[in-house]
Every structure is written in C-alpha cells, then in structure tokens.
Amino acid sequence: MYKALHLSPMVPSYDIEGTKRFFTELFGFSVARDEGNYVILYKDNATIHILNAGTDIGEMEFYLEVDDVDSIWESIKDQLTGIKVKPPFDREYGMREMHIIIPHTKTLLFVGQVIKP
C-alpha cells in the first residue's frame, strides 16, 4: 500500500490574481509557481493550485486545518469586506471553525482547529 503525502486542492477561479492575493495576503501563502493562468501556492505542508475557470464551474469546498483559528480571524477580519464569511465558532464534532467563500470562485473554505480539552 502507498503512503499519501499531500492532498492539494485545485480551485477554479474567475480572477486568478484576486484569488492568489486572498491566500497570500490573508493566510500567508507564498507563490511556488505563477504562469498567469495557473498558480501554485504553499505554506508549511499545504499547497493550493489555482486555475483559470471555464464559463461554468461547480461549487467545491476544502478544509484548511490550522493551529489557532482565532488568531487568524483577528489578523484578517478587517480585510474581509465584501467577502461572505462566518466568524469562528465551535462545532459539535470537536472543531473550532470559520467559513469563508473564496473570492472569484464558488469555493467554501473551512478553516479549523481541533478543540483541545
């Protein structure tokens, strides 16, 4: 059996530069590759691929697990004007999460951390 190393979401975007700025400016991702119509971002062990969307894209979602969702919220909340977001809250399955619709996409980003007893 093989060992899975990473799962990298591929996010279709109507505005690749805007989506790239969302991840680099708000979440501290860095650019690994930028070909204009295809961008790969990274932070720690996570990578995100952003690609040019066609005329009709479906909805998608992915989960970014972090170590301190509240500190991220405090650092980005004032920059979320015009972006649909749900501030941090506790879930019954033991996670603290915030939800953000990634700009220029139909993608829901869950940002969460394990609630420690």
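Further up the page is the structure itself.
Predicted, not measured: the structure shown is a model, and the values here were computed from it.

Bringing the sheet that holds strand E5 (residues 60–65) into the picture now. Reading across the sheet, the 4 strands line up as E5-E8-E7-E6 and stay open at both edges, with mixed pairing between neighbours. Both edges of this open sheet fall to E5 and strand E6 (85–90), since each of them pairs with a single strand only. Each neighbouring strand pair of the sheet contributes to a mean axis angle of 15°, computed without reference to strand direction. Sheet analysis places E6 next to strand E7 (residues 95–102), joined by 4 bridges and oriented antiparallel. Residue Val-85 lies in a different strand from E7, and its bridge partner there is Ile-100. Strands E5, E7 and strand E8 (107–114) of the sheet are contacted by helix H1 (residues 16–27), whose axis makes an angle of about 145° with E7. Contacting E6, E7 and E8, helix H2 (residues 69–76) crosses the sheet at an angle of about 35° to E7.

Regarding H2, the residues found buried are Val-69, Ile-72, Trp-73 and Ile-76. Angular distribution of buried residues about the axis of H2 spans 100°; they occupy a single face of the element. In this fold, the buried residues of H2 make contact with H1, E6, E7 and E8.

Further remarks concern the pattern of salt bridges. With the rule as written, the count across this model stands at 9 salt bridges. The partner of Lys-20 in a salt bridge is Asp-34, with the nearest N and O atoms 2.6 Å apart. You can see Lys-20 sitting in helix H1 and its partner Asp-34 sitting in strand E2 (residues 30–34), a full 14 residues away along the chain. The class for Lys-20 is buried, based on a relative accessible area of 12%. For Arg-91, the salt bridge is made with Glu-97, and the minimal N-O distance between the two is 3.3 Å. Judged by its relative accessible area of 23%, Arg-91 is partly exposed. By relative accessible area, which is 0% here, Glu-97 ends up buried. Taken together, the shared-partner salt bridges connect Glu-17, Lys-20 and Asp-34 into one network.

Three or four residues apart is the spacing at which side chains of an α-helix point the same way, because the helix has 3.6 residues per turn. Along its 12 residues, H1 runs 16 Å from first to last C-alpha, staying within 8% of the 16 Å computed at 1.5 Å per residue. All of the buried residues in H1 are Ile-16, Gly-18, Thr-19, Lys-20, Phe-22, Phe-23, Leu-26 and Phe-27. Looking one or two residues beyond H1, the residue adopting positive phi is Gly-28, at roughly 75°.

Its volume calculated, the largest pocket comes out at about 480 Å³. What lines the largest pocket is a set of 20 residues, and nearest its centre among them are Phe-29, Ala-46, Tyr-63, Leu-64 and Glu-65. Only H1, strand E4 (46–52) and E5 provide two or more residues apiece to the lining of the largest pocket. The greatest single-element share of the lining of the largest pocket, amounting to 4 residues, is contributed by E5. Of the residues belonging to the lining of the largest pocket, the class tally is 12 nonpolar, 4 polar and 4 charged.

Quick notes on the rules
Residues numbered from 1 in each chain as written. Predicted model: local features only at pLDDT ≥ 70, side-chain atom pairs only at ≥ 80, totals over all residues. Heavy atoms only, no water. Pairing = 2+ DSSP bridges. Helix = DSSP H or I, 4+ residues; strand = E, 2+ residues; numbered from the N terminus. Axes fitted to C-alpha atoms, helices over the stretch in contact; angles between N-to-C directions. Contact = heavy atoms within 4.5 Å. Buried < 20%, exposed > 50% of the residue type's maximum accessible area, 1.4 Å probe, protein only. Arc of directions from axis to C-beta. Salt bridge = Lys/Arg side-chain N within 4 Å of Asp/Glu carboxyl O. Expected span 1.5 Å × (residues − 1). 1 Å grid on protein atoms, 1.4 Å probe; cavity = no way out; pocket = protein on both sides within 12 Å on 5 of 7 lines; lining within 4 Å. Points joined across faces, edges and corners; volume = space filled by probe spheres on them. Nonpolar A, V, L, I, M, F, W, Y, C, P; charged D, E, K, R; others polar.

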